[in-house]
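Here are the chains, one letter per residue:
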Number of protein chains: 2
Amino acid sequence: MRPSSPAALEVLAYLRDLHDRITAAIEALDTVRFRRDAWERPEGGGGESRVLSEGSTFERAGVSVSHVFGDRLPPSASAARPAVAGAPFEAMGLSLVFHPRNPYAPTTHCNVRFLVATPQDGDAEWWFGGGFDLTPYYPFEEDVLHWHRTAKAACEPFGAGLYDQYKSWCDRYFFLPHRDETRGVGGLFFDDLNSGGFERCFALLRSVGDHFLPAYLPIVERRRATPYGEREREFQLYRRGRYVEFNLVYDRGTLFGLQSRGRAESILMSLPPRVRWEYDWSPAPGTPEARLYEEFLRPRDFLAELDRG
Amino acid sequence: MRPSSPAALEVLAYLRDLHDRITAAIEALDTVRFRRDAWERPEGGGGESRVLSEGSTFERAGVSVSHVFGDRLPPSASAARPAVAGAPFEAMGLSLVFHPRNPYAPTTHCNVRFLVATPQDGDAEWWFGGGFDLTPYYPFEEDVLHWHRTAKAACEPFGAGLYDQYKSWCDRYFFLPHRDETRGVGGLFFDDLNSGGFERCFALLRSVGDHFLPAYLPIVERRRATPYGEREREFQLYRRGRYVEFNLVYDRGTLFGLQSRGRAESILMSLPPRVRWEYDWSPAPGTPEARLYEEFLRPRDFLAELDRG
């Protein structure tokens, strides 16, 4: 384990504080506490995974902070940076997926990360990445509006057009080509961020991380006690299958983690606790289930289209 | 759609006959019939998927025959054959996955396939591939012995050592590196088969295809009515998660199908109908669930070790 720069230690301190704030906010909504597992990586570094299972609000909630060192930056992380391909690196991040029990409460994901690569005979390069996205089963326009307004507020201090750019990136990234569907209603996604200097980029990362709870909590608080029956539960389990398909087939973080022999349980804590697949199913026209597909599972400018207030 | 050679039409006729025989044998064990979906591929060719859902014996059983044409052989199919990389090709195969309802009855998979690639300025190349493998939840030694004895009988006429070779290949292919487990107790796997001439290779393919039902039927007949409770059902759902992980993360056929925009429902009919994931779970020592991991989910010479009779 090599010494981290003061800047990297500052990012790490932010991630750990965010970890604690998110854990506390989720526990405040549930009767079950997080189990906390600290782990070390044989190649250097480690992390702490916090997982809440079978809670009153959350069927599963997982949030991890990791801080790892490696001898060779993998190709998946260096596509945009040929100068540091294969260089020794330091990576840190917070990653979470929450699967509520109530089908009216959406699943969500958030990730913020920082990488530094230091080639033997060249200059170190650093960059940030991150974002958050929302996956409703029975979407409410007011929830989607609140989600995207908060995402826009997170970007606003850092330049006009940044929300549009990261919102589109999110729509492209969280897309299932074999289903021709987005994973949900999107949010923000960015990678390779280093323009404007470390302070600006770190402030942007903090703004995204700090806006996650204000974006998600009001929605899950509003929906967690909505009455539902077997029909809604079965649709939730069915749609969770798409979450599994995305995470195992397309998600770069998951695939890199599994292929690099990361801690499997920490990587796969993003998977839903219960899932079902049904052959060639589609919702009947005019149902709330059809509305999800027709109105929400495609890239849309929700703020412009829904904001009639 | 280009004309197929007489040899290719002969293979296709075999696959269709096997499709009918397998469908009839499975329907004879169940109260529910297969739904049959014929489909066409915009790029050329098509297939027929047969899926049985929510049956008395099978929670899901899917068996498809496809016969497709393409302009460019994908890299995943031509790694062993650089001379035909990117060449126009014809591919046909039968593929099945059966998920029984009873946790004491194992899941199974079988595939037999034939490919012909014809470069513009070179000689056509053809090859066969296939095999079958078994994924028990609560394994019985007599079932595993019967399974591997039948697999060995399928190979026996085609050369000493062939069973050992294809059995090892199966152990290597159906392996989850992130879990350090085999998918199940294996069976046979082969690819790139074209040595000894078309007649010999086609006869070997038929032998593997024809031995599938004799290998599987006695096992599912013996176990489908075994009494079980919630504990066994929950373990089955948990272990089915590994099946999903293998098929979506590692299986070349699934990934190629999804990435080449094949019919998603036909590709994903291999997924179990209901699945669960549990964070960091492992069976208590000395339980039947621990026995699966300790004694069966690693490459073993079952015939030598279990055949005491």
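Keep in mind the model is a prediction, meaning the values are calculated, not measured.

Novice: Lay out helix α4 (residues 162-173) of chain B in plain terms, naming residues and giving numbers.
Specialist: An α-helix turns once every 3.6 residues. As a result, residues three or four positions apart point the same way. Given a rise of 1.5 Å per residue, 12 residues ought to cover 16 Å, and the 16 Å separating the end C-alpha atoms of α4 of chain B matches this to within 8%. Those residues of α4 of chain B that sit buried are L162, Y163, Y166, K167, C170, D171 and Y173 of chain B.

Novice: So what's going on with the interface of chain A and chain B? Which residues, and what values?
Specialist: Taken residue by residue, the interface counts 35 residues in chain A and 34 residues in chain B. Of the roughly 3,200 Å² buried at the junction of chain A and chain B (both faces included), carbon and sulfur atoms supply 53%. On the chain A side of the interface with chain B, the three residues burying the most area are E265, W277 and Y279 of chain A, jointly 27% of the side's total. Inspection of the chain A/chain B interface yields eight salt bridges. Here D280 of chain B and R35 of chain A are joined by a salt bridge, their closest N and O atoms 2.5 Å apart. Here chain A is connected to chain B by 17 residue pairs in polar contact (both at pLDDT 80 or more). Where the side of chain A that touches chain B is concerned, the elements lending two or more residues are β1 (35-40), β2 (45-53), α6 (230-250), α7 (252-259), α8 (264-267) and β10 (274-276) of chain A. No other element matches α6 of chain A, which puts eight residues into the side of chain A that touches chain B. Strand direction decides the pairing type here: β10 of chain A and strand β10 (residues 274-276) of chain B, joined by three bridges, are antiparallel. Directly across from R274 of chain A, in β10 of chain B, lies its bridge partner R276 of chain B.

Novice: So, the sheet that holds strand β3 (residues 58-70) of chain A: which residues are in play, and what are the values?
Specialist: Two modes of strand pairing occur in sheets, parallel and antiparallel, and in both the strands are linked by backbone hydrogen bonds. All names here are of chain A. If you walk across this open sheet you meet the seven strands as β1-β2-β3-β4-β5-β6-β9, and the pairing is antiparallel. The open sheet has two edge strands, β1 and β9 (186-193), and neither has a second partner. On average, adjacent strands in this sheet sit at an angle of 5 degrees to one another, irrespective of strand direction. Relative to β9, helix α4 (residues 162-173) is tilted by about 100 degrees, and along the sheet it contacts β6 (125-135) and β9.

Novice: Account for the environment of L162 of chain A, with residues named and values stated.
Specialist: Residue and element names in this part refer to chain A. Turning to its location among the elements, L162 is positioned in helix α4. Considering only alpha carbons, one finds L162 and F190, 28 residues apart in sequence, at a separation of 9.9 Å. Among residues more than four places away in sequence, those in contact with L162 are C155, R200 and L204.

Novice: If you had to explain the pairing of strand β5 (residues 107-117) of chain B to someone new, which residues and values would you point to?
Specialist: For a regular strand, side-chain orientation follows a simple rule: the groups alternate between the two sheet faces. All names here are of chain B. Counting buried positions over the 11 residues of β5 gives 11, a clear majority of the element. Where strand β4 (residues 89-100) folds back on β5, the antiparallel hairpin that results is connected by six residues. Note that β5 and strand β6 (residues 125-135) share 11 bridges and pair antiparallel. When the sheet's bridge partners are listed, V116 is paired in β6 with W126.

Basis of the calculations
- For every chain, the first residue of its written sequence is number 1, and the numbers climb from 1 along that sequence.
- The naming scheme follows written order: chains are lettered A onward, ligands numbered 1 onward.
- Whole-chain, interface and lining totals are the exception, using all residues; otherwise, since this is a predicted model, local features are given only for residues with pLDDT of at least 70 and side-chain atom pairs are given and counted only at 80 or more.
- Excluding hydrogens and water, the side-chain values take into account all heavy atoms of the structure.
- Think of it this way: any DSSP run of H or I at least four residues long counts as a helix, any run of E at least two long counts as a strand, and we number them from the N terminus.
- In a helix, the anticipated span is given by 1.5 Å times the number of residues less one.
- Exposure categories follow from relative accessible area, calculated using a 1.4 Å probe and restricted to protein chains: below 20% of the type maximum is buried, above 50% is exposed, and the middle band is partly exposed.
- Residue contacts follow a heavy-atom distance rule, with two residues in contact if any of their heavy atoms lie within 4.5 Å.
- Summed over both partners, the accessible surface that disappears when two parts come together, traced with a 1.4 Å probe, is what is meant by buried area.
- By salt bridge we mean one thing: a side-chain nitrogen of Lys or Arg within 4 Å of a carboxyl oxygen of Asp or Glu.
- The definition of a polar contact used here is a pair of N or O atoms within 3.5 Å, where within protein one atom must be able to donate a hydrogen and the other to accept one, and adjacent residues in sequence count solely through side-chain atom pairs.
- In this scheme, strands are said to pair when DSSP sees at least two bridges between them.
- To get an axis, a line is fitted to the C-alpha atoms, and for a helix only the part in contact is used. The angle between two axes follows their N-to-C directions and goes from 0 to 180 degrees.

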